[in-house]
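Structure at a glance
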Amino acid sequence: MLNTTSYPADSNPGARPLIIAPGLFGSARNWNAIAKRLSADRPVIALDMRNHGDSFWDDDHSYQAMAGDIAEVIEANGGVADVLGHSMGGKAAMTLALTQPQLVAHLIVADIAPENYDHGDNHSALIEAMQGMDIADLTSRSAADERLGEQVFDPGTRAFLLQSLVLRDGPPRWKFNLAALKANMDDILGWPEALEGKQFDGPTLFLSGADSHYVRPEMHDRIRGFFPQARFEEIDNAGHWLHAEKPREFEADVARFLNSAS
């Protein structure tokens, strides 16, 4: 089963849990502050997706496989959960809701749509930069940042990726299965054809960054074809990483949706 980080509820410990599925290159650790705050009203379980963090590595990185991973966590934690997924994790959450709707009470999809995207070169370039980076002699985060900066010029992106570089307890290593992620990039950017025609009738929130292009108005009709109860909300002055850029606004929107949809 996936590696999980649990946040017991401050109140109402018997409430239905909220599962958080991070995006590509993300981990449960990235969601620590948000998960803690959302656990004020309900238990929260943040995941390391397969080939990320401390979860297992596997050549299969399909959305069907990732949905199955989330299903195992839900089945081990009461059998029904609210599910929040960002980007890649959002597609995995949508896949789960469409194929095993009995496990999902409420669905929150953060800045992604059931669409095929075409920006794979950007992600593949990051993978190649990490694969090509000599990490064997690294002993400090600053040295790692300087070395990764030779290929990855944005400081925020470097800081995000370097959260998954381990410099202690043995030789330096990435917590990503970079080979599997690169090999599956087309599937990660795509949307499974097998899901066409399926529907999830439960309450669903598509929460997006107003400055992001991942969920556009012209996609709404297609989204409603899969999720008839879909609501659409945007966070001002936020892009694709809306939960990191505007965490308090993100938490408030998620909590309001879950409380109103209960």
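Residues numbered from 1 in each chain as written. Predicted model: local features only at pLDDT ≥ 70, side-chain atom pairs only at ≥ 80, totals over all residues. Heavy atoms only, no water.

The protein goes by Alpha/beta hydrolase in an unreviewed UniProt entry, where it is assigned to Thioclava sediminum.

Ordered in space as β1-β3-β2-β4-β5-β8-β9, the seven strands form an open sheet in which the pairing is mixed. The open sheet has two edge strands, β1 (4-7) and β9 (230-235), and neither has a second partner. Taken pair by pair, the neighbouring strands of this sheet meet at an average axis angle of 20°, ignoring direction. Here strand β8 (residues 204-209) pairs with β9 via six bridges, running parallel. (Pairing = 2+ DSSP bridges. Helix = DSSP H or I, 4+ residues; strand = E, 2+ residues; numbered from the N terminus. Axes fitted to C-alpha atoms, helices over the stretch in contact; angles between N-to-C directions.)

Once that is clear, we can look at the nonpolar core. Formed by 64 residues in total, the largest nonpolar core has its most connected members in Phe25, Leu107, Trp174 and Phe227. Not counting the four nearest positions on each side in its chain, Trp174 is found in contact with Trp57, Met130, Met133, Ile135, Leu148, Leu161, Leu162, Ser164 and Leu165. Ranked by size, the runner-up nonpolar core spans 23 residues in total, among them Trp31, Ile34, Leu242 and Phe250. (Core = buried A, V, L, I, M, F, W, Y, C linked by side-chain atoms within 4.5 Å. Buried < 20%, exposed > 50% of the residue type's maximum accessible area, 1.4 Å probe, protein only. Contact = heavy atoms within 4.5 Å.)

With that out of the way, let us pick up empty space enclosed by the protein. Applying the stated rule across the entire model yields one cavity of 30 Å³ or more. Estimated volume of the largest cavity: approximately 30 Å³. What lines the largest cavity is simply Pro22, Gly23, Gly26, Asn30, Trp31, His86, Phe160, Trp241 and His243. Of the residues contributing to the lining of the largest cavity, the split by class is four nonpolar, five polar and no charged. (1 Å grid on protein atoms, 1.4 Å probe; cavity = no way out; pocket = protein on both sides within 12 Å on 5 of 7 lines; lining within 4 Å. Points joined across faces, edges and corners; volume = space filled by probe spheres on them. Nonpolar A, V, L, I, M, F, W, Y, C, P; charged D, E, K, R; others polar.)

Under the defined criterion, the tally for this structure stands at 10 aromatic pairs. Pairing Phe200 with Phe227 gives two aromatic rings, centres 6.4 Å apart and planes at 65°, and the pair type is edge-to-face. Taken together, the residues span a long stretch of sequence, with Phe200 in the loop between α8 (185-189) and β8 and Phe227 in the loop between α9 (220-226) and β9 at a distance of 27 residues. Both residues of the pair, Phe200 and Phe227, belong to the buried class. (Phe/Tyr/Trp six-rings, centres within 6.5 Å; stacked < 30°, edge-to-face > 60°.)

Helix length check: helix α2 (residues 63-75), at 13 residues, gives a terminal C-alpha distance of 18 Å against a target of 18 Å (1.5 Å per residue), a fit within 8%. Those residues of α2 lying buried are Tyr63, Ala65, Met66, Ala67, Asp69, Ile70, Ala71, Val73 and Ile74. Tucked into the core, α2 has its buried residues touching β1, β2 (18-21), β3 (44-47), β4 (81-86), α3 (88-99) and α8. (Expected span 1.5 Å × (residues − 1).)

The element β4 is largely enclosed, with a buried count of six among its six residues. Of the two faces of β4, the one carrying Ala81, Val83 and Gly85 and the one carrying Asp82, Leu84 and His86 are both buried. Sheet analysis places β2 next to β4, joined by four bridges and oriented parallel. Bridge pairing links Leu18 to Asp82 in β4. The sheet contact formed by β4 and strand β5 (residues 104-110) spans five bridges and is parallel. Across the sheet, the residue bridging to Val83 is Leu107, located in β5. In the classification by handedness, the crossover that spans β4, the intervening α3 and the parallel β5 is right-handed. (Right-handed = clockwise from strand over helix to strand, strands pointing away.)

Our focus in this paragraph is unusual backbone geometry. One non-glycine residue with positive phi stands out, namely Asn12, at about 60°. Positionally, Asn12 belongs in the loop between β1 and β2. One non-glycine residue, Asp111, lies in the positive phi region at around 55°. The topology assignment puts Asp111 in the loop between β5 and α4 (120-132).

By volume, the largest pocket is sized at about 700 Å³. Surrounding the largest pocket, 33 residues form its lining, Leu24, His123, Phe160, His240 and Trp241 being those nearest its centre. Among the secondary structure elements, those contributing two or more residues to the lining of the largest pocket are α1 (32-38), α3, α4, α6 (155-162), α8, α10 (242-245) and α11 (247-261). Of the residues that constitute the lining of the largest pocket, the class distribution is 17 nonpolar, 11 polar and five charged. Computed from the structure, the second largest pocket encloses a volume of approximately 310 Å³. In terms of residue class, the lining of the second largest pocket is made up of four nonpolar, six polar and eight charged.

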